[in-house]
Amino acid sequence: MNHNKKPVVQITRIQKFSAAHRLHSPHLTDEENKGLFGKCNHPNGHGHNYKAEITLRGPVDPQSGMLCNIADLKIWIEEAIMKPMDHKHLDMDVEWFKTNPSTMENIAVFVWQQLTSVMTMPELLQGVKIWETDNHFAIYKGEVVTS
């Protein structure tokens, strides 16, 4: 292989976790929340078996043949996803969700922020996909807009 040209690859690791939440925004009234979120606004919450897909993208290291060591990625996922969220009530146990509704979109943003804070190579993070059910998911790629 020509060591001046490094192929760029994507790798993805899937991690499953279980968590409870209540779709409820502190920015809305109780009636607005009930109208917007319906049965998912139940005061006691409800749970999901989530699936997170973490995708990294970058050049293959010519010496190791890897984009990054999967063992490192597993450690980052443990710190960013499993410890703070697995078998927790997101709205009660995770400080960030006390002021941000625990939608699948916000869960994807939270996971991105958590990962980039623990990764030694956060520039490799390409995307976070959060499956809330078998039928829908959210993808976050670190983009923001100014309102």
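Given the structure is predicted, the values throughout are model-derived calculations rather than measurements. (Residues numbered from 1 in each chain as written. Predicted model: local features only at pLDDT ≥ 70, side-chain atom pairs only at ≥ 80, totals over all residues. Heavy atoms only, no water.)

Student: How would you summarise the overall build of the chain if you had to cite specific residues and measurements?
Tutor: Across its full length, the chain carries four helices and five strands. Here the chain holds 147 residues, and the buried ones make up 37% of them. For the chain, long-range pairs separated by at least 24 residues make up 67% of all intrachain contacts whose partners lie at least 6 apart in sequence. If you sum the accessible surface of the chain, you get close to 8900 Å²; carbon and sulfur atoms cover 50% of it. For the chain, the separation between the mean place of its 15 positive charges and that of its 17 negative charges on side chains is 7 Å. (Helix = DSSP H or I, 4+ residues; strand = E, 2+ residues; numbered from the N terminus. Buried < 20%, exposed > 50% of the residue type's maximum accessible area, 1.4 Å probe, protein only. Contact = heavy atoms within 4.5 Å. Areas by Shrake-Rupley, 256 points an atom, 1.4 Å probe, with all protein chains shown as cover. Lys, Arg positive; Asp, Glu negative; His and termini not counted. Charge placed at Lys NZ, Arg CZ, Asp CG, Glu CD.)

Student: Any details on unusual backbone geometry? Residues and values, ideally.
Tutor: Note: most peptide bonds trans; most residues except glycine with negative phi. Not every positive phi belongs to a glycine, and His87 is a case in point at roughly 60°. In this structure His87 comes out as exposed when scored by relative accessible area, which is 64%.

Student: Could you give an account of the nonpolar core, with specific residues and numbers?
Tutor: Residues Ile54, Leu56, Ile81, Met85 and Leu115 are the most contacted members of the largest nonpolar core, which totals 31 residues. Elements supplying a minimum of two residues to this core: β1 (8–21), β2 (46–59), α2 (70–85), α4 (104–118) and β4 (125–131). Aside from chain neighbours lying at most four places away, what touches Leu56 is Val9, Gln10, Ile11, Leu67, Cys68, Leu73, Trp76, Met119, Leu124, Leu125 and Gln126. (Core = buried A, V, L, I, M, F, W, Y, C linked by side-chain atoms within 4.5 Å.)

Student: Give me the pairing of strand β5 (residues 137–140): which residues, what numbers.
Tutor: Burial of the side chains of β5 is restricted to one face: Ala138 and Tyr140 are buried, whereas none of Phe137 and Ile139 on the reverse face is. Inspection of the sheet shows β4 paired to β5 by four bridges, in the antiparallel sense. Bridging from a neighbouring strand, Ile130 pairs with Ala138 of β5. If you look at the hairpin formed by β4 and β5, you'll find five residues sitting between the two strands. (Pairing = 2+ DSSP bridges.)

Student: Lay out the packing of aromatic side chains in plain terms, naming residues and giving numbers.
Tutor: Under the counting rule described, the total for this entry stands at six aromatic pairs. Relative to Phe110, the ring of Trp96 lies with its centre 5.5 Å away and its plane at 40°, an arrangement referred to as tilted. With a gap of 14 residues between them, Trp96 in the loop between α3 (90–93) and α4 and Phe110 in helix α4 connect regions that are remote in the sequence. Taking the centre distance of 5.1 Å and the plane angle of 55° together, the rings of Phe97 and Phe110 count as tilted. Linking Phe97 in the loop between α3 and α4 with Phe110 in helix α4, this pair joins segments that are 13 residues apart in sequence. Cluster of aromatic residues (ring-pair linked, three or more members): Trp96, Phe97 and Phe110. Its end group placed over the ring of Trp131, Lys51 keeps NZ or CZ at 5.0 Å from the ring centre. In this structure, Lys129 is placed above the aromatic ring of Phe137, and the distance from its NZ or CZ to the ring centre is 4.4 Å. (Phe/Tyr/Trp six-rings, centres within 6.5 Å; stacked < 30°, edge-to-face > 60°. Lys NZ or Arg CZ within 6 Å of the ring centre and 35° of its normal.)

The analysis is restricted to geometry; functional conclusions fall outside its scope.
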